[in-house]
Amino acid sequence: MKTLHCADAGFTCDAVVTANTEEEVLTIASEHARTVHGTEVTPEMAEQIKTLIKEA
């Protein structure tokens, strides 16, 4: 399992995304960023976010 804490990406947010693969985490995190934070995840941001994904 892979996890990403939204706060690690610089948001004041307690959300944690958990999925089987990095790609799934990025998909869910991108949707969360758009709907909750009003932020579109660019390819450059996605590359930075990948470095924050941890093995659960």
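Anything mentioned here points back to the structure above.
This one's a predicted model, so the numbers in the text were calculated from it and none came from an experiment. (Residues numbered from 1 in each chain as written. Predicted model: local features only at pLDDT ≥ 70, side-chain atom pairs only at ≥ 80, totals over all residues. Heavy atoms only, no water.)

A. Focus on the pattern of salt bridges. Per the counting criterion, the structure on display carries three salt bridges. In this structure, the salt-bridge partner of Glu55 is Lys2, at a minimum N-O distance of 2.8 Å. Of the two residues, Glu55 sits in strand S3 (residues 54–55) while Lys2 sits in strand S1 (residues 2–5), which places them 53 residues apart along the sequence. Accessibility expressed as a relative area gives 22% for Lys2, which makes it partly exposed. Across the pair Glu47 and Lys50 runs a salt bridge whose closest N-O atoms are separated by 3.5 Å. With Glu47 and Lys50 both in helix H2 (residues 43–50) and three residues apart, this pair spans about one turn of that helix. Classification of Glu47 as partly exposed rests on a relative accessible area of 49%. (Salt bridge = Lys/Arg side-chain N within 4 Å of Asp/Glu carboxyl O. Helix = DSSP H or I, 4+ residues; strand = E, 2+ residues; numbered from the N terminus. Buried < 20%, exposed > 50% of the residue type's maximum accessible area, 1.4 Å probe, protein only.)

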